Amino acid sequence: MHIEKPTPNTGALVTGVDLNRMSDAEWQAIYQAWLDAGVICIRGQDLSIPQFLDHGRRFGQVFPHLVRKSRHAEFPELTVMGIGARKPDGSVNPSIYNRGRGWHTDGPWDPKGCKATQLYGLEVPSSGGDTLFANMTMAYTALPDALKERIDGLEADYVYGGASRKSNELLEPEDRDLPPVRHSLVRVHSETGRKSLYFNPTHLLRIVGLDEAEGEALISDLTAHQIAPDAEYQHDWQVGDVVTWDNRCMLHSAGAPYPIEQNRIHWRCTVASPDAMGRLMA
Ligand SMILES: O=C(O)CCC(=O)C(=O)O
Ligand SMILES: [Fe+2]
């Protein structure tokens, strides 16, 4: 097994391992590299759905995504991404084609918390379709002192799709008005002990205790500082890649458009985490 760093600060790429025949020592090295790098890609895998979910379970409990439309009928913990991006008439279905576009962390709106997300590349377009990642430990470290002081002790409420509730069309009507979940803007990672900025303009509803104008001003300052210099990794997908990221300390975005006449299909699962849990605000 070989682990390399595609950039000095973010991401790890693993080759020469078969997830179905991995030793305990190899898993421990992968998990440590994941904690250090925030996102890890294990190349060249050939997995069935149960094997993919079992690999997710190495990180914790896997559970079904709030978006019911894209759950697999037989394995509800599995989401199939990218099916239906092209309408029968050939035009784009934006809610699927653009799913995950824009910087966010997964599941801040979910009372189960979201430790990790895992994608497996099944069909990859010939150009575009990369996923972007940004290291929020570095974002916190790079914040100006005044901004660090301003967010110290502040919390934010999150709902799926944020204040505009955009992306709501993916949800069933009964799931569109769930109560917000509250998280601190500064999070201490339970495994590494590192502080990171936990901020997510895509799903943020409001910053608690600030009036609208103050909230907007802080959101725009944090947005301007969310990507620190040299904190990004851009993942160029290959079929057989299993990519897992740590939602406690990373932002990601389905960054790059791709040719609509081509398929971009992933399996996906979400890993819950008691320590990544927010407070449900009834
Ligand atoms: O499709 C991608 O590149 C990322 C999608 C995404 O944001 C997610 O699966 O959570
Ligand atoms: Fe996401």
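Because the structure is a prediction, the values reported are computed rather than measured. (Residues numbered from 1 in each chain as written. Chains lettered and ligands numbered in written order. Predicted model: local features only at pLDDT ≥ 70, side-chain atom pairs only at ≥ 80, totals over all residues.)

Secondary structure assignment for the protein chain yields 6 helices and 17 strands. Its C-alpha radius of gyration of 18 Å places the protein chain within 12% of the 19 Å reference for a compact globule of 282 residues. Principal axes of the C-alpha set define a box for the protein chain whose edges measure 50 × 45 × 35 Å. For the protein chain, the proportion of its 282 residues judged to be buried stands at 38%. Intrachain contacts of the protein chain at a sequence separation of at least 6 include 80% that bridge at least 24 residues. (Helix = DSSP H or I, 4+ residues; strand = E, 2+ residues; numbered from the N terminus. Rg over C-alpha atoms; globule rule 2.2 N^0.38 Å. Buried ≥ 20, exposed ≤ 12 C-beta atoms within 10 Å, placed from the backbone. Contact = placed C-beta atoms within 7 Å.)

Right, let's talk about unusual backbone geometry for a bit. For Asp230, which is not glycine, the phi torsion reads 60 degrees and is therefore positive. Along the chain, Asp230 turns up in the loop between helix H6 (212-225) and strand S13 (232-235). On the basis of neighbour count, Asp230 is assigned to the exposed category, with 12 C-beta atoms found within 10 Å.

With that settled, consider the sheet that holds strand S7 (residues 131-135). Spatial strand order, S13-S7-S15: 3 strands in an open sheet with antiparallel pairing. Single-partner strands in this sheet number two, and they are S13 and strand S15 (250-253). Recorded for the sheet is a direction-independent mean angle of 20 degrees between the axes of neighbouring strands. (Pairing = 2+ DSSP bridges. Axes fitted to C-alpha atoms, helices over the stretch in contact; angles between N-to-C directions.)

Here we come to the nonpolar core. If you look at the biggest cluster of nonpolar residues, it comprises 52 residues, and the most contacted ones within it are Val14, Val39, Ile40, Met136, Ala139 and Met250. Val39 has contacts with Thr10, Gly11, Phe133, Tyr233, Val243, Trp245 and Met250, leaving out every residue within four places of it along the chain. (Core = buried A, V, L, I, M, F, W, Y, C linked by C-beta atoms within 7 Å.)

Spatially, the 4 strands line up as an open sheet ordered S12-S8-S9-S17, and their pairing is antiparallel. Each having just a single partner strand, strand S12 (204-207) and strand S17 (279-280) make up the two edges of the open sheet. In this structure, strand S9 (residues 181-184) lies alongside S17, joined through 2 bridges in antiparallel fashion. Within the sheet, the bridge partner assigned to Arg182 lies in S17 and is Arg279.

Before going further, it helps to examine the environment of Ala254. Examined against the element boundaries, Ala254 turns out to sit in the loop between S15 and strand S16 (265-271). Considering only alpha carbons, one finds Ala254 and Arg99, 155 residues apart in sequence, at a separation of 7.2 Å. Once residues within four sequence positions are removed from consideration, Ala254 is found in contact with Arg99, Gly100, Arg101 and Thr131.

Before going further, it helps to examine the pairing of S9. The side-chain alternation of S9 yields one buried face, formed by Val181 and His183, and one unburied face, formed by Arg182 and Ser184. As paired elements, strand S8 (residues 155-158) and S9 share 4 bridges and run antiparallel to each other. From the neighbouring strand, Asp157 faces S9, where its bridge partner is Arg182.

A separate point is the environment of Leu119. The topology assignment puts Leu119 in strand S6 (residues 116-123). Classification of Leu119 as buried rests on a count of 24 C-beta atoms within 10 Å. For the pair Leu119 and Gly240, spaced 121 residues apart in sequence, the C-alpha separation works out to 10.0 Å. In this structure Leu119 touches Val243, His266 and Arg268, once residues within four positions along its chain are discounted.

Within the secondary structure, Gly38 is located in the loop between helix H1 (24-37) and strand S3 (39-42). Of the residues examined, Gly38 has 30 C-beta atoms within 10 Å and is grouped as buried. Sequence spacing of Gly38 and Thr244 is 206 residues, and the spatial spacing of their C-alpha atoms is 8.5 Å. Not counting chain neighbours up to four residues away, the residues in contact with Gly38 comprise Thr10, Phe133, Asn135, Trp245, Asp246, Cys249 and Met250.

Helix length check: H1, at 14 residues, gives a terminal C-alpha distance of 20 Å against a target of 20 Å (1.5 Å per residue), a fit within 8%. All of the buried residues in H1 are Ile30, Trp34 and Ala37. Relative to the axis of H1, the buried residues are bounded by an arc of 80 degrees and lie together on one face. With respect to the buried face of H1, the exposed residues turned more than 90 degrees away are Asp24, Ala25 and Gln28. At its buried positions, H1 is contacted by strand S2 (12-15), S3 and strand S14 (242-246). (Expected span 1.5 Å × (residues − 1). Arc of directions from axis to C-beta.)

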